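The residues making up each chain are set out below.
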Amino acid sequence: MKTARLQSDGVKGSIPPADFYRAELPAMPPPRGGGWRDGGLCCFHDDKTAGSFRVNLETGAFCCFSCGSKGADIIAFIQQRDGLSFPEALKKLADDWGVE
Ligand SMILES: [Zn+2]
């Protein structure tokens, strides 16, 4: 039986953060290169103006300078945005992205 730790590595390893954020953040400007990019409108507060939400397209980390939301990877993003537990977020990512 797989541990949650192995599953999280598998999910993270199978979903490139750049692809993930392109799909999840329609307001994100087209990314050029990796690293920290403008994520467009923040989905953790009622954001009217882009500019304070940043995503890291290499690690999947995200951070909002306006509301203070932040996390280390795409699993944390799904957990916080959708109000899911860690295993629930893993399952949603695996289902949405077709990860075994
Ligand atoms: Zn925010």
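Right above here is the structure, for reference.
Residues numbered from 1 in each chain as written. Predicted model: local features only at pLDDT ≥ 70, side-chain atom pairs only at ≥ 80, totals over all residues. Heavy atoms only, no water.

Participant: Would you explain the coordination of the zinc ion in this entry?
Facilitator: For a metal bound by four donors in tetrahedral geometry, the ideal donor-metal-donor angle is 109.5 degrees, whereas six donors in octahedral geometry ideally sit at 90 or 180 degrees. Listed as protein donors to the zinc ion are C42 (SG), H45 (ND1), C64 (SG) and C67 (SG); their distances from the metal cover 2.0 to 2.3 Å. Around the zinc ion, the four donor atoms are arranged such that angles at the metal cover 101 to 123 degrees; this shape is classified as tetrahedral. Going along the chain, you hit the donors of the zinc ion in the pattern C-x2-H-x18-C-x2-C. A residue pair is termed long-range when its members are at least 10 positions apart, and C42 in the loop between β1 (36-38) and β2 (53-56) and C67 in the loop between β3 (62-64) and β4 (70-71) qualify at 25 residues. (Donors = N, O, S within 2.8 Å, 3.2 Å for Na, K, Ca; no water. Tetrahedral: all angles 85-135°; square planar, octahedral: opposite > 155°, others 65-115°. Helix = DSSP H or I, 4+ residues; strand = E, 2+ residues; numbered from the N terminus.)

Participant: Please clarify how the packing of aromatic side chains should be interpreted in this entry.
Facilitator: Any pair of aromatic rings gets described here by the distance separating the centres and the angle formed by the planes. Going through the model one piece at a time under the given rule, you end up with eight aromatic pairs. Aromatic side chains F20 and W97 sit 6.1 Å apart centroid to centroid with 40 degrees between the ring planes, which places their arrangement in the tilted category. One end of the pair, F20, is in helix α2 (residues 17-24); the other, W97, is in helix α4 (residues 86-97), with 77 residues separating them in the sequence. Members of the aromatic cluster, connected to one another through ring pairs, are F20, Y21, F44, F53, F62, F77 and W97. (Phe/Tyr/Trp six-rings, centres within 6.5 Å; stacked < 30°, edge-to-face > 60°.)

Participant: Explain the sheet that holds β4 to me, please; I cannot follow it from the model alone.
Facilitator: By definition, the strands of a sheet pair up through backbone hydrogen bonds, in either a parallel or an antiparallel sense. Overall, antiparallel pairing links the four strands, which are arranged β1-β2-β3-β4 in an open sheet. The two strands at the open ends of the sheet, each matched to only one other strand, are β1 and β4. Looking at chain direction, β3 and β4 are connected through two bridges and run antiparallel. Across the sheet, F62 pairs through a bridge with G71, a residue of β4. (Pairing = 2+ DSSP bridges.)

Participant: Help me understand the packing of α2 against helix α3 (residues 74-82) in this model?
Facilitator: Packed helices, taken two at a time, are described by the angle their axes make and the gap between the axes. In contact at an axis separation of 11 Å, α2 and α3 are set at 25 degrees when each is read in the N-to-C sense. As summarised for this structure, α2 and α3 are arranged roughly parallel, according to the angle between their axes. The residues of α3 that touch α2, namely those facing P17, F20, Y21 and E24, are I74, F77, I78 and R81. Taken together, the residues of the contact of α2 with α3 sort by class into six nonpolar, no polar and two charged. (Axes fitted to C-alpha atoms, helices over the stretch in contact; angles between N-to-C directions. Parallel < 35°, antiparallel > 145°, perpendicular 65-115°, else oblique. Contact = heavy atoms within 4.5 Å. Nonpolar A, V, L, I, M, F, W, Y, C, P; charged D, E, K, R; others polar.)

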